[in-house]
Structure formats: C-alpha cells, structure tokens
Amino acid sequence: YKLSIAPEMDIMEYCRKEWRGNTPVAKRMRKGYEAVAQKFACIRRVRGDNYCALRATLFQALSQATQLPSWLQSEDFTMLPENLLSKYDWIKQWQLKQKLGRKMGEISDEIKEYLILLRKKWKNISEIKSPIEKQEACDKLFKNEEEEYSLYEALKFLMLNTAIELYNDDKNGRRVPVFSWLLFARDTSSNPCQLMHNHLNHIGHSGGLEQVEMFLLAYALQYTIQVYRLYKYSTDEFITLYPNDPEEDWPVVTLITEDDRHYNIPVRMCQETML
C-alpha cells in the first residue's frame, strides 16, 4: 500500500530539509514556515497526485470531526445522484474512476454507494472519543486506496451539486457568493455542464483544484478552508480563507501550500494558541 498522508515531522526540520539555499524564494519559504510554526508544531506530507487538495481537506475534516454535519444527515442525501440525473441528462457523462462505458443506472448507483460510504466513515470517525484512536482510524482509512478514492468521487459529486444550486440561485435572482460569478465567468465553465466536462471530470486525473474550485469545495462541505500560502508570505494573501466571508458556525480546517497546487497539512497546534 502507499501511505497517502506521511507521518508527522517537525515543521522547521521539514523546512530546513526542503529549502536550503539562499535564493529569495528559499528565504521567503523559510519565513513562511516559521510563521506557521508559531501555531503548529508538525507537518504531514500529503501524497502529490491531482487529488491532493481533496485529500488534505478531507483528512483534516475527518481527523477533527466530532459530529456528522447536518447536510450528511439529511434524508435525501443519498438520493442526490438519482434526483440530479432525472433533471440533467448530461450528468451521464460524469467521469467515474477509471471505468468507462457505464449505463445510466450504474452511474447513479455507484455515486450513491460513494455517498453512503462518506456518511458511514464520517459518522464512525466522529464518534471516536480518543484523539489517538481517531487519528489511527483516519490513517487507516487513508491507506485503503479503494475507499479513499471512492470518497473523492463523492466530494467531486457534492461540488457539482453545489455548483448547480449556485447557478440556479443566480439565474433566479437570489444572492450568491462572489466566487460563484467567477466560477461561471470562465470560458471553460460558463454553466455546470461545462464545469463538469472541463474541470470536475479532470480532477484527480489530469488536474487538481484551481483556486476558485477551493471555494466550491468549501461550500460543498460547509467548512472554512484556511490555507497558509507560503509563497505569499508578507502579503495579505499569506493566510487565505475559502470562503473569505465564512459562516460563523462552519468548522475550520487548515492546509499549507507552497504554490497553490500541492497541499500539505499542519498538525499539533501549539499549546498557547489553543488557549
């Protein structure tokens, strides 16, 4: 098996190993890591395929989950694929993991299975009281490739559902967050169908998440994703929030990136910042 999330390593030790030189970039990265080290003691490296933003976010959400989010509890949650496919024929072209030529019924059943798996894993992990056992359960889940990738399919489908809701809200004159306009202002995603074909279908295969899709992921999970963007150190974008005007009751997960493409996760909050 391949470990998707590497074991903890001291954050400054990691930084010294990765950024040795005296170039302006290396200096900036070291400063960025020093700032993160004020809050977090360790870093865990996230496997660098095109799922890494989903992987890092989901791992952080699960490892601090104490309850099942309300959207995961709703009765019609698992009916989502069926309901959407009945309204939008184009969803038949959803690109499932490496399996081509499916019939319409199968795609809806398969996504339903992924959503059920997501709910089950989230529920089980959130019920574990001991932090050590919770961490072990997360590590175990992220060593199981079959389950792990099924969960990313579930997340991508939830992102599609959120995009459809935002698109329809905007068309019906309801207020939508600013990122939603940006999402649909791109030539490659002027509507949810294009978003699926040109972006969501490629996540994990030929591309990762773009910035505007980080907002979409945050909205789909109803989590605030706080990212230390190290190459933006000493600018006001060093710590970026997705969304930037988060709902008060959304939990927060924290990630680190050096380039907005690959994400790692900081762990072990320093004692004084917890108080």
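Bear in mind that the values here come from a model prediction, so they are computed numbers and not experimental data. (Residues numbered from 1 in each chain as written. Predicted model: local features only at pLDDT ≥ 70, side-chain atom pairs only at ≥ 80, totals over all residues. Heavy atoms only, no water.)

Draft legend 1. Molecular detail of the pairing of strand 3 (residues 224-229). Buried residues dominate strand 3, accounting for six of its six residues. A two-sided burial pattern is seen for strand 3, the buried positions comprising Thr224, Gln226 and Tyr228 on one face and Ile225, Val227 and Arg229 on the other. Both strand 3 and strand 5 (residues 252-257) contribute to a ladder of six bridges, which runs parallel. Bridge pairing in strand 5 places Tyr228 opposite Ile256. Direction of pairing for strand 3 relative to strand 4 (residues 239-242): antiparallel, over a ladder of four bridges. When the bridges of strand 4 are listed, Val227 appears paired with Thr240. (Buried < 20%, exposed > 50% of the residue type's maximum accessible area, 1.4 Å probe, protein only. Helix = DSSP H or I, 4+ residues; strand = E, 2+ residues; numbered from the N terminus. Pairing = 2+ DSSP bridges.)

Draft legend 2. Local environment of the UniProt feature "active site" (unreviewed entry) in the protein chain. In this numbering, the UniProt entry assigns the feature "active site" (unreviewed entry) to Asp49, Cys52 and His262. In summary, the annotated positions, though distributed over 214 residues, converge in three dimensions, the widest C-alpha pair being only 8.4 Å. For Cys52, the position within the fold is in helix 3 (residues 52-63). The class of Cys52 is buried, set by a relative accessible area of 3%. What Cys52 contacts, discounting residues up to four positions off in sequence, is Val46, Arg47, Arg261, His262 and Tyr263. For His262, a relative accessible area of 23% translates into the label partly exposed. Discounting chain neighbours no more than four positions away, the residues touching His262 are Val46, Arg47, Gly48, Cys52, Ile256 and Thr257. (UniProt positions renumbered as here; feature names shortened; annotations may be inferred. Contact = heavy atoms within 4.5 Å.)

Draft legend 3. Here's a closer look at the UniProt feature "site: Linear diubiquitin binding" (unreviewed entry) in the protein chain. When the UniProt feature table is mapped to this numbering, "site: Linear diubiquitin binding" (unreviewed entry) covers Glu237. Mapped onto the elements, Glu237 comes out in the loop between strand 3 and strand 4. Overall, the relative accessible area of 35% leaves Glu237 in the partly exposed class.

Draft legend 4. Representation of the sheet that holds strand 1 (residues 9-10) within the structure. Spatial strand order, 1-2-6-5-3-4: six strands in an open sheet with mixed pairing. Each edge of the open sheet carries a strand with a single partner, namely strand 1 and strand 4. Two elements, strand 1 and strand 2 (residues 40-44), share two bridges in a ladder whose sense is antiparallel. Pairing of Met9 across the sheet is with Ile43, part of strand 2.

Draft legend 5. Structural context of the pattern of salt bridges. Applying the stated rule across the entire model yields 17 salt bridges. Lys156 is the partner of Glu153 in a salt bridge, and the nearest nitrogen-oxygen pair spans 3.7 Å. Placement of the pair is Glu153 and Lys156 together in helix 8 (residues 145-171), with a separation of three residues, close to one helical turn. Each member of the pair, Glu153 as well as Lys156, is classed as buried. Within the structure, one salt-bridge network assembled from shared partners comprises Arg229, Lys232, Glu237 and Asp260. (Salt bridge = Lys/Arg side-chain N within 4 Å of Asp/Glu carboxyl O.)

Draft legend 6. View of the packing of helix 3 against helix 7 (residues 131-141). Interaxial distance between helix 3 and helix 7 falls to 9 Å at its minimum, and their mutual angle equals 150 degrees. As judged from the angle between their axes, helix 3 and helix 7 are roughly antiparallel. Note that helix 3 runs across helix 7; the crossing there is right-handed. Residue-level contacts link Phe59, Leu62 and Ser63 of helix 3 to Lys134, Gln135, Cys138, Asp139 and Leu141 of helix 7. (Axes fitted to C-alpha atoms, helices over the stretch in contact; angles between N-to-C directions. Parallel < 35°, antiparallel > 145°, perpendicular 65-115°, else oblique. Left-handed = near helix turned anticlockwise from the far one by under 90°.)

Draft legend 7. Summary view of the packing of aromatic side chains. Applying the stated criterion across every chain yields a total of 18 aromatic pairs. Three or more aromatic residues joined by ring pairs make a cluster, and in this case those are Phe179, Phe215, Tyr219, Tyr242 and Trp250. (Phe/Tyr/Trp six-rings, centres within 6.5 Å; stacked < 30°, edge-to-face > 60°.)

Draft legend 8. Spotlight on a negative patch on the surface. On the surface, Asp245, Glu247, Glu248 and Asp249 cluster together to form a negatively charged patch. Considering the arrangement of structural elements, one finds Asp249 in the loop between strand 4 and strand 5. Accessibility expressed as a relative area gives 65% for Asp249, which makes it exposed. (Patch = residues over 30% accessible without salt bridge, like charges linked within 9 Å, V, L, I, M, F, W, Y side chains within 5 Å. Areas by Shrake-Rupley, 256 points an atom, 1.4 Å probe, with all protein chains shown as cover. Lys, Arg positive; Asp, Glu negative; His and termini not counted. Charge placed at Lys NZ, Arg CZ, Asp CG, Glu CD.)

Draft legend 9. Representation of unusual backbone geometry in the model. Between Tyr242 and the following residue, Pro243, the backbone shows a cis peptide bond with an omega angle of -10 degrees. With respect to the helices, strands and loops of the structure, Pro243 is situated in the loop between strand 4 and strand 5. The phi angle at Asp260 is positive, at roughly 65 degrees, despite the residue not being glycine. When you line up the elements, Asp260 lands in the loop between strand 5 and strand 6 (263-269). Of note in this structure, Arg268 is not a glycine but carries a positive phi near 60 degrees. In this structure, Arg268 sits in strand 6.

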